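What the coordinates show
Chain residues, written in single-letter form:
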Amino acid sequence: MSFAAAPRRPSGGAPRARRRSPLGVAIVAVAIVIAALLLLAQFWTEVMWFSQLGFSQVIWTEWGMRAALFTAGFLIMGGAVFWSFTAAYRSRPIYAPSTPEQATLDQYREAVEPLRRVVMIAAPVLVGFFAGVAASAQWRTLLLAFNSEPFGESDPQFGMDLGFFVFMLPALRFTVGFLISVVIIAGIAGLITHYLYGGLRVGPAAAGGPRTTTAARVHLAVIGAVLLLLFAANYWLDRYSILTNTGERFDGASYSDVHAVIPAKGILTVVAIFVAALFIVTAFRGDWRLPAIGVGLMVVSAIAIGGIYPAVVQRFQVNPNAQELEAEYIQRNIDATSAAFGIDDIETQQYDATTEAEEGALRADADTTASIRLLDPQVVSPSFRQLQQNKQYYNFDDSLSVDRYEIDGESRDTVIAVRELNLDGLGQNQRNWVNDHTVFTHGYGVVAAYGNQTGRDGRPAFFEGGIPSQGAISDLEGEYEPRIYFSPSTETYSVVGAPEGSGGWELDYQSDDEEDGGQVNTTFAGDAGPDVGSFGSKFLYALKFGEEQLLFSDRVTSESQILYDRDPQQRVSKVAPWLTLDNRVYPAVVDGRVKWIVDAYTTSDAVPYSSSTPLDEAVADTLTTQQGTPVALPEEVNYIRNSVKATVDAYDGSVDLYAWDPDDPILKAWSNVFPSSIKSMDKISGDLMSHLRYPEDLFKVQRTLLSQYHVTNSAEFFSGQDFWNNPTDPTSEAATAPLQPPYYLTLQMPGQESPSFSLTSTFIPGGNTDREVLTGFLAVDADAGDQAGARAENYGKLRLLELPRDTTVPGPGQVQNNFDSNPTISEQLNILEIGASTVVRGNQLTLPVGGGLLYVQPVYIQSTGGTQFPLLRRILVAFGDDIGFADTLDEALDQVFGGDSGVETGEEAPPQTDVPTDEPDPGAEPTEEPTDEPTGEPTDEPGTGGEPSSELDAALQEAAQAMEDANAAQREGDWAAYGDAQDRLQQALEDAIAAEQAQQGGGSEG
């Protein structure tokens, strides 16, 4: 016999306590205080931030739920492990049989005994901590389960409301999975303790002797029974989760899943319950053979019933008859996917597109043609910078936005940008804490240009700009608030506000007015950030940002506020962490303020039979590549709704969330959680409504799905022979070109009563082919209307044009190839690239007009060195295989449509209000700093009066004509005319080079 737990007592009496070093104690105490202060700074500043915005309920609800789940997870896991340790230790046998196995264990027991108390407490605390962290991460899942709402639709297999799958099933799966982990870890703890202290023996035992003590048998058998019951629950829940399986051809339960896997899961559930009962029997009878046989039966059943049988059904019954047997389940997938992604109400029509361009063909589409957007918002940002940046501490985003404004009673497509703060534009001698955080605190104003018109020399035709802001928007809004304290590019914090009578020290802009003292300053007068007037607030924010100047600067006064987290998307994601945000945020002047508009989605990956889609892949295109890192997106979704429209005020940073899809069950559930966070749609003003639009990311997801799910017949879907692809961007120079982005423009679809602001995209054949003809054209009505609290009736209406399969309509790639390979166009573009110029191809727009598909692409020219900004010089047009290339859209259309397209686009800009630009007067001496003063009425005609730009245009036109004459003479064999044309071409090239050099040297481009 050996004692199972015979702790040794020290023979020399109790050792004297080691004297602790006062210095060591002081260091530990200081470290604890510093850590506590840093945590307090992060915690309480967040509370202040949310409270200032009016969303304190959000942070307290989230933190409260996280804390509750952490506590529950910690207590359940830690408590179960501690109980298992303690129960096993307390029930250890006083004497263990004297066996070689026990003799070896005696050594381990003696080594472990001094640390036993620590281990039995520390181990449960450690695993409990990790379990609590894992549980707290599920706060959204549990909150949705507690506040679930019915969908009002049932799944086709079990007849249960979809709300069970979206809200309850994820919570149940988490709960069961968590409890399985708890039981397994607790069982391991008990098993090790019983073995170490003799309650469980693995080696040889006396004949007929038990291998476990009664206490150990009951302990382990009960744990085994609970674990098997949890396995049974998991098998039962698997039956429902199968409806969201991802398959090779379609998502959802297939024929073999329904007829083999789901019944198998039911059988395994019964088997697991039966084996759990055998463990209970063992707890009383002491025979481990029954549960061992039961476990073996369960393993065999899982392999045979859960694995082999479904595989046999799939291979020998389904595969030979797949199209017939899978038809019902494919149809379930088509119907569920269409409803979950909002493509079930799409208006589809056959479009017998012609490829023959006839004279006057565009007469019936005059409104659409006149609205063609020539200004590419992804190209013209450098032009905005050169002509409207005004100061080096302001800047525009690389990707501008398309909106619409009512100018002179007419809705006009607009390219708009915000003049954002750009501290990197300051010289190093200007960079210090005072300037960075108290002087340069904000951007200033918006700049807007007509989308379908150009100004002098191909410049954007601005109708709003300058500092101070002036133009049509200012006239319309009545001098809106131009200061931009919150914007995507503003990353640093600012301290704003000053005592009354201080005169202000926040810089608006420099001024030539002596009364202004050389610059115009302002003092922030809103409520945009937490107050930092008290010593406590200063101290907390000094710790948060690591800036001691916040404590000692005289500019941090009792009137001061601190602004941070100034990116509109960041602000919305913080106050609504349950929303998925669109990658694009765009500005609009609304009710006298600049508002950033953010589209937000509710998503799920748990809708039965709906196709699972990776969002990051679906939304990736040229735009997201240009923007860099996109916002965080869920990995996979099979349900999405643009349920919320959010706005962030650019002046005071206030965030408003509007329920855009109030019938969405997920939005209803979150409204139950945060009842004060979301405003109803009737709170949206008419002015704001007129600037809301259909979101890009949602449209990208829908076009991705429609590449397959335009097929609504299960047999055709199974064959996949009519699947499509989205074309790659034909203007991209990347080795692996990203997808062509969708484009906003005003157009009238066939069958539509009038033009509307729309978002459009195209389709080409799917499969492994490089043949790029057009198979479909998709447009969605993106105009939300202008009525307060009510969106337009047709907003969100998807219209799909399917092209005949026997007609070859060139796709975007073919059209671009036709543009690039055309000898005349190639020669003229080469001429445009002479000297220090380069050609920039703008977005290739597609429009269903004239009975076919019209392609329009602006061509920009910019310098390769020095001051670079693109100017619109040419327009490319294609209809079928006919191509036009001219200075204006009218001329290019006429070239394509037999000399008369039937429309006049009126692309020359109308008389504008006096919008100042940074470009100097052509007759004035160049200055080092761009001037803020108006340069007079900008002319809309190409430069005249001997300006280098007009001379360059004339020389290029003469060169193009000379090349055409030379080609014609060569075909006719008139070599005298050919020589004359070559001489004129040579002279035109020399004139063009001279004009280009004069233009570069004269500084007329700003």
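Residues numbered from 1 in each chain as written. Predicted model: local features only at pLDDT ≥ 70, side-chain atom pairs only at ≥ 80, totals over all residues. Heavy atoms only, no water.

**Some remarks on the overall build of the chain**
Operational definition: Secondary structure elements are taken from DSSP: a helix is a run of H or I of four residues or more, a strand is a run of E of two residues or more, and numbering for both begins at the N terminus. Summary of the burial criterion: residues with accessible area below 20% of their type's maximum are buried, those above 50% are exposed, and those between are partly exposed, where the area comes from a 1.4 Å probe applied to protein chains only. Any two residues having at least one pair of non-hydrogen atoms within 4.5 Å are treated as being in contact. Note on areas: Shrake-Rupley, 1.4 Å probe, and residue coverage restricted to the protein chains presented here.
When you go through the chain residue by residue, the secondary structure sums to 29 helices and 31 strands. Sorting the 1006 residues of the chain into buried and exposed places 53% on the buried side. Pairs at least 24 apart in sequence give 71% of the contacts found in the chain among residues at least 6 apart. As displayed, the chain offers around 43,500 Å² of accessible surface, 53% of which is attributable to carbon and sulfur atoms.

**Topic: the pattern of salt bridges**
Where charged atoms of side chains with opposite charge meet at close range, the side chains can pair. Formally: When a carboxyl oxygen of Asp or Glu lies within 4 Å of a side-chain nitrogen of Lys or Arg, that pair is called a salt bridge.
Per the counting criterion, the structure on display carries 32 salt bridges. In this structure, Asp238 and Lys265 form a salt bridge, with 3.5 Å as the shortest nitrogen-oxygen distance. Of this pair, Asp238 sits in helix 7 (residues 214-241) while Lys265 is found in helix 8 (residues 255-285), placing the two residues 27 residues apart along the sequence. Among the residues examined, Asp238 registers a relative accessible area of 15% and is labelled buried. Linked through salt bridges whose partners overlap, the residues forming this network are Arg593, Lys595, Asp649 and Asp652.

**Focus on helix 25 (residues 812-821)**
As a reminder of what qualifies: Of all possible arcs, the one meant is that of the directions from the helix axis to the C-beta atoms.
Looking at helix 25, one finds that the buried residues are Pro812, Val815, Gln816 and Phe819. Buried residues of helix 25 fall within an arc of 100° about the axis and therefore sit on the same side. Where helix 25 is buried, its residues contact strand 24 (756-765), helix 26 (823-832), strand 27 (837-841), strand 29 (854-863), strand 30 (871-879) and strand 31 (882-886).

**Quick word on the pairing of strand 19 (residues 639-649)**
The line we're drawing: Strand pairing follows a simple DSSP-based rule, namely that at least 2 bridges must link the two strands.
Of all 11 residues in strand 19, 11 are buried, a share of seventy percent or more. Judged from the 9 bridges that link them, strand 18 (residues 593-604) and strand 19 form a sheet pairing that is antiparallel. Among the inter-strand pairings, Ile597 is bridged to a residue of strand 19, identified as Thr647. By the bridge criterion, 5 bridges tie strand 19 to strand 20 (residues 655-659) in an arrangement that is antiparallel. Opposite Val648, over in strand 20, you have Val655 as the bridge partner. Linking two consecutive strands that pair antiparallel, namely strand 19 and strand 20, is a turn of 5 residues; a positive phi of about 75° is found at Gly653 within it.

**Focus on the pairing of strand 14 (residues 506-510)**
Taken across its 5 residues, strand 14 has 4 buried, putting it largely inside the fold. Alignment of strand 14 against strand 15 (residues 519-522), held across 4 bridges, turns out to be antiparallel. Following the sheet pairing, Tyr509 is matched in strand 15 by Val520.

**What to know about empty space enclosed by the protein**
The gaps of empty space that remain are located by a probe, the size of a water molecule, rolled over the atoms. For the record, the criterion: Throughout, the protein atoms alone are placed on a 1 Å grid, and a set of points is a cavity if a 1.4 Å probe fits but cannot get out or a pocket if it is open with protein on both sides within 12 Å along at least five of seven lines; lining residues have an atom within 4 Å of a point. Grid points are joined across faces, edges and corners, and a volume is the space filled by probe spheres set on the points. Residues are grouped as follows: Ala, Val, Leu, Ile, Met, Phe, Trp, Tyr, Cys and Pro are nonpolar; Asp, Glu, Lys and Arg are charged; every other residue, Gly included, is polar.
All told, the structure shown has 6 cavities of 30 Å³ or more when counted by the stated rule. Here the second largest cavity defines a volume of roughly 110 Å³. Here the lining of the second largest cavity is composed, by residue class, of 8 nonpolar, 2 polar and 4 charged.

**Some details on unusual backbone geometry**
The omega torsion across Ile467 and Pro468 is -5°, close enough to zero to call that bond cis. Along the chain, the position of Pro468 falls in the loop between strand 10 (460-465) and strand 11 (470-471). Located in the positive-phi region is Asp408, a residue other than glycine, with phi close to 55°. Within the secondary structure, Asp408 sits in the loop between strand 5 (401-407) and strand 6 (410-418).

**Concerning the nonpolar core**
Put simply, the test is: Throughout, nonpolar core names a set of buried Ala, Val, Leu, Ile, Met, Phe, Trp, Tyr and Cys residues whose side chains join them through atoms within 4.5 Å.
Counting 156 residues, the largest nonpolar core has Leu550, Trp578, Trp670 and Leu692 as the members making the most contacts within it. One finds Ile372, Leu375, Leu832 and Ala886 within the second-largest nonpolar core, a separate group that totals 69 residues.

**What about the sheet that holds strand 20?**
Here 5 strands make up an open sheet; going across it, the order is 17-18-19-20-21 and the pairing mixed. Bordering the open sheet on either side are strand 17 (580-590) and strand 21 (678-679), each of which pairs with just one other strand.

**Looking at a negative patch on the surface**
Here is the rule: Patch members must show over 30% relative accessible area and no salt bridge, and they are joined within 9 Å when carrying like charges or within 5 Å when they are nonpolar side chains of Val, Leu, Ile, Met, Phe, Trp or Tyr. Under the convention used here, Asp and Glu are negative, Lys and Arg are positive, and both His and the chain ends fall outside the count. The atoms used to mark charge sites are NZ of Lys, CZ of Arg, CG of Asp and CD of Glu.
Together, Asp605, Asp616, Glu617, Glu635 and Glu636 make up a region of like negative charge exposed at the surface. Exposure remark for Glu635: the relative accessible area of 69% places this residue in the exposed category.

**Description of helix 9 (residues 289-318)**
To keep it simple, the criterion reads: A helix is expected to span 1.5 Å for every residue after the first. Two axes are fitted around each residue, one to the seven residues ending there and one to the seven starting there, and the angle between them is reported as the bend at that residue.
With 30 residues, helix 9 extends 40 Å from end C-alpha to end C-alpha; this agrees with the ideal 44 Å at 1.5 Å per step. Of all the bends in helix 9, the largest measures some 30° and sits at Ile308, one to four residues before the proline Pro310. Of the positions making up helix 9, those classed as buried are Pro291, Gly294, Met298, Ser301, Pro310, Val313 and Val318. The secondary structure elements touched by the buried residues of helix 9 are helix 7, helix 8 and helix 10 (322-325).

**Observations regarding the packing of helix 2 (residues 56-90) against helix 5 (residues 139-146)**
We apply this condition: Only C-alpha atoms enter the line fits that serve as axes; for helices the fit covers just the stretch in contact. Angles between N-to-C directions range over 0 to 180 degrees. An angle below 35 degrees is treated as roughly parallel, one above 145 as roughly antiparallel, one from 65 to 115 as roughly perpendicular, and anything else as oblique.
Between helix 2 and helix 5, the least distance of the axes is 10 Å, while the angle of their chain directions is 100°. Between helix 2 and helix 5, the crossing angle belongs to the class labelled roughly perpendicular. Each of Thr61, Glu62, Met65, Arg66 and Leu69 in helix 2 lies in contact with helix 5, whose residues at this interface are Trp139, Leu142, Leu143 and Phe146. Looking at the contact of helix 2 with helix 5, its residues break down into 6 nonpolar, 1 polar and 2 charged.

**So, the packing of helix 8 against helix 9**
For any two helices packed against each other, the geometry is given by the interaxial angle and the distance between the axes. Helix 9 packs onto helix 8 with a crossing angle of 175° between their chain directions and a minimal axis gap of 9 Å. Between helix 8 and helix 9, the interaxial angle falls into the category roughly antiparallel. Residue classes in the contact of helix 8 with helix 9 are distributed as 22 nonpolar, 8 polar and no charged.

**Focus on a nonpolar patch on the surface**
A cluster of nonpolar side chains, contributed by Val33, Leu37, Leu40, Phe43, Trp44 and Trp60, occupies part of the molecular surface with about 530 Å² of accessible area. Tracing the sequence through the fold places Phe43 in helix 1 (residues 22-53). Residue classification places Phe43 among the partly exposed positions, given a relative accessible area of 31%.

**Thoughts on the packing of aromatic side chains**
As a reminder, the rule being used: For Phe, Tyr and Trp, rings pair up if their centres lie within 6.5 Å, where Trp contributes its six-membered ring, and each pair is then called stacked (planes under 30 degrees apart), edge-to-face (over 60) or tilted (otherwise).
With the rule as written, the count across this model stands at 41 aromatic pairs. Between Tyr709 and Phe717, the aromatic rings sit 5.0 Å apart at their centres with planes inclined by 45°, giving tilted as the arrangement. Here Tyr709 and Phe717 have matching classes, each one buried. Grouping aromatic residues by their ring pairs yields a cluster made of Phe43, Trp44, Trp60 and Trp63.

**Quick notes on the confidence of the model for the chain**
Reading fine detail from the predicted coordinates is not recommended where pLDDT is low. To keep things clear, this is the line we draw: Known as pLDDT, the predictor's confidence for each residue is given on a scale from 0 to 100.
Residues with a pLDDT of 70 or more make up 87% of the chain, whose mean pLDDT is 86. For residues 909-913, every residue scores under 50 in pLDDT, and the model assigns this stretch 18 contacts once sequence neighbours within four places are set aside. Under a pLDDT of 50 for its full length, residues 1002-1006 has, in the predicted model, 9 contacts with residues more than four places off or in other chains.

**A closer look at the environment of Leu40**
The residue Leu40 is located in helix 1 in this model. A relative accessible area of 38% places Leu40 in the partly exposed class. Residues Leu40 and Lys544, 504 residues apart in the sequence, show an inter-C-alpha distance of 9.3 Å. Residues in contact with Leu40, not counting those within four places in the same chain, are Thr45 and Leu540.

**Examining the sheet that holds strand 5**
Taken together, the 5 strands give an open sheet; going across it, the order is 5-6-9-10-11, and neighbouring strands pair in antiparallel fashion. Each of the sheet's edge strands pairs with one partner strand only, and the pair in question is strand 5 and strand 11. Across the sheet, helix 13 (residues 381-388) touches strand 6, strand 9 (446-454) and strand 10, and the angle it forms with strand 10 is around 55°.

**Brief notes about the environment of Gly789**
Mapped onto the elements, Gly789 comes out in the loop between strand 25 (776-781) and strand 26 (798-802). Along the backbone, Gly789 and Lys683 are 106 residues apart, and their C-alpha atoms lie at a distance of 5.9 Å.

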